[in-house]
Amino acid sequence: MAAAKPIFQKEIFKFFRDLGRYNKKTWMDANRDRYQETVVLPFRRLCEELSPAVLKLDSRFDAMGRRGANFSRINRDIRFAKDKTPYHAHMYVKFSVPLPGEMKSGQLYMGISAEAVTAGFRIYAEPKRKRSSIALIAEPRIAEKPEWLAQQKKRLNKKYESYWYATMKGEWTKNNGWPTTADWPKLQGWIVRAKLSSASATRATFCTDLAKIFRDLYPLLKFTSL
């Protein structure tokens with residue numbers, strides 16, 4: 001599924017560096033066309049190129065190319081934030097499966113910022129932990145099959161990094177490594193990802209590389225939320 005030419009150009013990294021430096025509405029307004037050409041259109045093309053591979057994994061994935069569902073928002077919600085800069089200096093494409101009610105499935109994702117390219121799986125306890133797929137779907141399965149987490153670590157640890165979040169005194173804390181069965185009841189989020197070079201994102205094989213990562217990590221999403 002390699003594209004005839006690269007989807008992303010080096011300019012996307014320069015755009016995010018500049019946005020991080022001049023993070024104001026006046027700057028974005030003056031660079032709106034550059035944003036569309038450098039970020040929006042390539043990300044839409046990536047979603048279109050990836051969709052067949054994602055839907056082959058699971059036909060229930062939302063791959064309609066909608067903002068919010070498949071693309072992260074560039075605008076920050078600054079209503080309650082100390083940092084009032086209006087824009088995120090990064091962009092993600094993400095695929096998840098719609099679940100009943102407010103429950104959220106895990107995601108397969110790829111993100112680009114000025115400094116990093118990452119791709120992988122992530123899941124969060126949304127909307128609240130007791131009503132999340134982490135608690136209602138994954139927790140009973142892990143209790144029934146407690147060896148599953150260790151099996152995934154053995155299968156994936158050489159190629160991917162893992163970290164997870166728990167709540168301590170009302171604050172989210174990051175824990176490096178793979179969660180254990182004992183950790184799961186306090187787990188609020190889990191990320192398993194590959195760190196890629198910026199050069200990899202500008203290769204014509206980037207879509208193929210992402211499809212391989214998604215195939216590796218889809219079993220995590222399926223077990224924890226589908």
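Quick caveat: nothing in here was measured; it's all calculated off a predicted structure. (Residues numbered from 1 in each chain as written. Predicted model: local features only at pLDDT ≥ 70, side-chain atom pairs only at ≥ 80, totals over all residues. Heavy atoms only, no water.)

Draft legend 1. A look at the sheet that holds strand E6 (residues 187–196). Read from one edge of the open sheet, six strands run E1-E2-E3-E6-E4-E5, paired in antiparallel fashion. Because the sheet does not close on itself, it has two edges, and the strands there are strand E1 (90–95) and strand E5 (171–176). Neighbouring strand axes in the sheet, compared pairwise and without regard to direction, differ in orientation by 25 degrees on average. The pairing of strand E4 (residues 161–168) with E6 spans six bridges and is classified as antiparallel. Bridge pairing in E6 places Tyr163 opposite Ile191. (Pairing = 2+ DSSP bridges. Helix = DSSP H or I, 4+ residues; strand = E, 2+ residues; numbered from the N terminus. Axes fitted to C-alpha atoms, helices over the stretch in contact; angles between N-to-C directions.)

Draft legend 2. Expanded view of the packing of aromatic side chains. Enumeration over the complete set of coordinates arrives at 17 aromatic pairs. Ring plane angle 70 degrees and centroid distance 6.3 Å describe the contact between Phe95 and Phe214, whose orientation is recorded as edge-to-face. Taken together, the residues span a long stretch of sequence, with Phe95 in strand E1 and Phe214 in helix H7 (residues 206–225) at a distance of 119 residues. The exposure class assigned to Phe214 is buried, which follows from its relative accessible area of 1%. Measuring from centroid to centroid gives 6.3 Å for Trp148 and Trp190, while their planes differ by 80 degrees, and the two rings are edge-to-face. On the criterion of sequence distance, the pair formed by Trp148 in helix H5 (residues 148–156) and Trp190 in strand E6 is long-range, its members being 42 residues apart. A single burial state applies to Trp148 and to Trp190, both of which are buried. Ring pairing ties together the aromatic residues Phe121, Trp148, Trp178, Trp184, Trp190 and Phe223, which thus form one cluster. Residue placement shows Arg122 over the ring face of Tyr92; its charged tip is 4.7 Å from the ring centre. Sitting above the plane of the Tyr109 ring, Arg122 keeps its charged end 4.5 Å from the centroid. (Phe/Tyr/Trp six-rings, centres within 6.5 Å; stacked < 30°, edge-to-face > 60°. Buried < 20%, exposed > 50% of the residue type's maximum accessible area, 1.4 Å probe, protein only. Lys NZ or Arg CZ within 6 Å of the ring centre and 35° of its normal.)

Draft legend 3. Structural context of the side chain of Ser133. Its place among the elements puts Ser133 in helix H4 (residues 133–144). The class of Ser133 is buried, set by a relative accessible area of 0%.

Draft legend 4. Just the layout of surface pockets, in detail. Estimated volume of the largest pocket: approximately 670 Å³. Contributing to the lining of the largest pocket are 26 residues, with Gly68, Lys94, Gln107, Arg122 and Glu126 lying nearest its centre. Of the residues in the lining of the largest pocket, the class split is ten nonpolar, nine polar and seven charged. (1 Å grid on protein atoms, 1.4 Å probe; cavity = no way out; pocket = protein on both sides within 12 Å on 5 of 7 lines; lining within 4 Å. Points joined across faces, edges and corners; volume = space filled by probe spheres on them. Nonpolar A, V, L, I, M, F, W, Y, C, P; charged D, E, K, R; others polar.)

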